[in-house]
Amino acid sequence: MFVKVHTDKASLSNNTGSCQDLKEYLDKENDHKELLKREYFFNNESDIITGDKVQQSIDNNKKGLGAKDYKYFMLSVNPTQSELKHIAKLATGRDINHISQMNAQELKAYNDMFKAYVNKVMDSYAGAFNREARTLTKEDLLYFGKVEQQRKFKGFDKAVKDGVAKTGDLKPGLQTHSHIIVSRKTKDMKM
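Residues numbered from 1 in each chain as written. Predicted model: local features only at pLDDT ≥ 70, side-chain atom pairs only at ≥ 80, totals over all residues. Heavy atoms only, no water.

Enquirer: Explain the pattern of salt bridges here, please?
Expert: Any two side chains of opposite charge can pair, given that their charged atoms come close. Using the criterion set out here, one finds 12 salt bridges in the structure. A salt bridge links Asp-27 to Lys-146, with the shortest nitrogen-to-oxygen separation between them at 2.5 Å. With Asp-27 in the loop between helix H1 (20–26) and helix H2 (51–59) and Lys-146 in strand E3 (residues 143–148), this pair connects stretches of sequence that are 119 residues apart. The exposure class of Asp-27 is partly exposed, given its relative accessible area of 23%. Classification of Lys-146 by relative accessible area gives buried; the value is 2%. Each member of the salt-bridge network shares a partner with another, and the members are Arg-134, Asp-140 and Asp-188. (Salt bridge = Lys/Arg side-chain N within 4 Å of Asp/Glu carboxyl O. Helix = DSSP H or I, 4+ residues; strand = E, 2+ residues; numbered from the N terminus. Buried < 20%, exposed > 50% of the residue type's maximum accessible area, 1.4 Å probe, protein only.)

Enquirer: It is not clear to me how the nonpolar core should be interpreted in this structure. Could you clarify?
Expert: The tendency in soluble globular proteins is for nonpolar side chains to be buried as a group. In this structure, Met-102, Tyr-110, Met-122, Leu-174 and Ile-180 are the most contacted members of the largest nonpolar core, which totals 23 residues. With 6 residues, helix H4 (residues 104–127) is the single largest residue contributor to this core. Not counting residues within four places of it along the chain, the set of residues in contact with Tyr-110 comprises Leu-84, Ile-87, Ala-88, Ala-91, Ile-99, Met-102, Gln-149, Leu-174 and Thr-176. (Core = buried A, V, L, I, M, F, W, Y, C linked by side-chain atoms within 4.5 Å. Contact = heavy atoms within 4.5 Å.)

Enquirer: Explain the packing of aromatic side chains to me, please; I cannot follow it from the model alone.
Expert: Centre distance and the angle of the planes are the two values used to describe a pair of aromatic rings. Applying the stated rule across the entire model yields 2 aromatic pairs. Centroid distance Tyr-70 to Phe-73: 5.7 Å. Interplanar angle 85 degrees. Geometry classified as edge-to-face. Overall, Tyr-70 belongs to the partly exposed group, its relative accessible area being 36%. With centroids separated by 5.2 Å and ring planes inclined at 90 degrees, the aromatic side chains of Tyr-125 and Phe-129 adopt a geometry described as edge-to-face. (Phe/Tyr/Trp six-rings, centres within 6.5 Å; stacked < 30°, edge-to-face > 60°.)

Enquirer: What am I meant to see in the sheet that holds strand E1 (residues 2–6) here?
Expert: Taken in spatial order, the 4 strands of this open sheet run E1-E2-E4-E3, and their pairing is antiparallel. Among the strands making up the open sheet, the edge pair consists of E1 and E3. Neighbour to neighbour, the strand axes of the sheet diverge by 20 degrees on average, direction disregarded. In the sheet, strand E2 (residues 72–78) pairs with strand E4 (residues 177–183) via 6 bridges, with the strands oriented antiparallel. Residue pairing across strands places Leu-75 opposite Ile-180, the latter belonging to E4. Across the face of the sheet, H2 comes into contact with E2, E3 and E4 while running at roughly 35 degrees to E4. (Pairing = 2+ DSSP bridges. Axes fitted to C-alpha atoms, helices over the stretch in contact; angles between N-to-C directions.)

Enquirer: Honestly, the environment of Met-1 in this entry has me stumped. Any pointers?
Expert: Within the fold, Met-1 resides in the segment before E1. When the C-alpha positions of Met-1 and Asn-97 are compared, they lie 18 Å apart, and in sequence the two are 96 residues distant. With residues up to four places along the chain from it excluded, the contact list for Met-1 reads Val-77, Asn-78, Pro-79, Thr-80, Glu-83 and Tyr-117.

Enquirer: Explain H4 to me, please; I cannot follow it from the model alone.
Expert: For an α-helix, the turn length of 3.6 residues means that residues three or four places apart are oriented alike. For H4, spanning 24 residues, the distance from its first C-alpha to its last is 35 Å, which sits close to the expected 34 Å at 1.5 Å a residue. Every buried residue of H4 is listed here: Glu-106, Tyr-110, Asn-111, Phe-114, Lys-115, Val-118, Asn-119, Val-121, Met-122 and Ala-126. Contacts from the buried residues of H4 go to E1, E2, helix H3 (81–92), E3 and E4. (Expected span 1.5 Å × (residues − 1).)

Enquirer: Whenever I open this one, the side chain of Lys-71 confuses me. Can you help?
Expert: Along the chain, Lys-71 falls in the loop between H2 and E2. Buried and without a salt bridge, Lys-71 has Asp-69 as its closest oppositely charged side chain, separated by 6.0 Å. A polar atom in the side chain of Lys-71 sits 3.4 Å from the backbone oxygen of Ala-67. If sequence neighbours within four positions are ignored, Lys-71 has contacts with Asn-15, Thr-16, Gly-17, Lys-62, Leu-65, Gly-66, Ser-183 and Arg-184. (Lys, Arg positive; Asp, Glu negative; His and termini not counted. Polar contact = N/O pair within 3.5 Å; in protein donor to acceptor, adjacent residues only side chain to side chain.)

All quantities given are derived from atomic positions and should not be read as evidence of function.
Following this line, the structure appears as structure tokens:
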């Protein structure tokens, strides 16, 4: 598992303002999908959160921050292929190499297990902030995750450099990962 805190450049916009650009970027896999087949944002409270709700919540959670202060950050949770295969086997009872091998019920179980794991990661993230007053938990954080099922090759990937793949081609296998928008301030805007 690889967890990364992305810089404001990587999150597509200056994170001293609105998270609109990042929200729209993370919603890209929903383009041209039917309403019932869309992947919504999630957190420890809900699995169905719209992009508009995410933007409104993050953008309004800034009490005490100045115009040039960071308002939010982006994290990504990136499991290895073997970790994803393990989750898929738990969800389906068989070896899975790609999400297309799962039926709708199995895919839902797989995504639910992955989201539960991401929520545990956010609990660890919160606990890592050493606060004298109290230990923070995921319930203190204002965050929204988005599950993505595919990744594309980039110019720096070995397969592209070796001529095996082209930039923009989809990577094979299980590629499930999550991007998380997390407010700089706690939900109560006190920390």
